[in-house]
Amino acid sequence: MAWEKPSGELVELFEEIVPDLPGLEKRKMFGHPTAFINNNMFMGVKGQKLTLRLSKKDQDEFLDLDDT
């Protein structure tokens, strides 16, 4: 399977919404932007998808937000 490069718009969205948290590190993983806290990836871009790693409780809260 070939790797799909993310669109410029998706990379801009990632940069816009990645939180400004103490200890946050932005870096590339397989050439795609990702965000880490304590060396644990919690947010990233792969192809045309934005990925969030959330606990079940945080998933439920996130999905209750408007426009998600």
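Relevant structure appears above.
What you see is a predicted model; the values in this text were computed from it and never measured.

Side-chain pairs of opposite charge can arise whenever the charged atoms involved come near each other. As enumerated under the stated definition, the model contains four salt bridges in all. The closest approach of N and O atoms between K26 and E15, which form a salt bridge, is 2.7 Å. Here the residue K26 occupies a position in strand β1 (residues 24-29), and E15 occupies one in helix α1 (residues 8-17), the gap between them amounting to eleven residues. With relative accessibility at 43%, the residue K26 sits in the partly exposed group. A residue is classified by how much of its surface remains accessible, and E15, at 40% relative accessible area, is partly exposed. K57 is paired through a salt bridge with E61; the nearest N and O atoms lie 2.9 Å apart. Taken together, the residues span about one helical turn, with K57 and E61 both in helix α2 (residues 56-63) at a distance of four residues.

The next thing to look at is the nonpolar core. Counting residues in hydrophobic clusters, the biggest one holds seven residues: L10, F14, V18, A35, F42, M43 and V45. Sorting the residues of this core by element identifies α1 and β3 (40-46) as the ones contributing at least two each. With three residues, β3 is the single largest residue contributor to this core. Not counting residues up to four positions away in its chain, the partners in contact with V45 are P6, L10, F14, H32, P33 and L50.

This brings us to the pairing of strand β2 (residues 32-37). In terms of residue burial, β2 counts as a mostly covered element, since five of its six residues are buried. The sheet contact formed by β1 and β2 spans six bridges and is antiparallel. The residue bridging K26 from the neighbouring strand is A35, located in β2. Counting the residues that bridge the hairpin from β1 to β2 gives two residues, and of these F30 lies at a positive phi of roughly 55 degrees. The pairing of β2 with β3 spans four bridges and is antiparallel. Note that in β3 the partner of F36 across the bridge is M41.

Rules used throughout
- Residues numbered from 1 in each chain as written.
- Predicted model: local features only at pLDDT ≥ 70, side-chain atom pairs only at ≥ 80, totals over all residues.
- Heavy atoms only, no water.
- Salt bridge = Lys/Arg side-chain N within 4 Å of Asp/Glu carboxyl O.
- Helix = DSSP H or I, 4+ residues; strand = E, 2+ residues; numbered from the N terminus.
- Buried < 20%, exposed > 50% of the residue type's maximum accessible area, 1.4 Å probe, protein only.
- Core = buried A, V, L, I, M, F, W, Y, C linked by side-chain atoms within 4.5 Å.
- Contact = heavy atoms within 4.5 Å.
- Pairing = 2+ DSSP bridges.

Distances and angles like these do not, on their own, reveal function.
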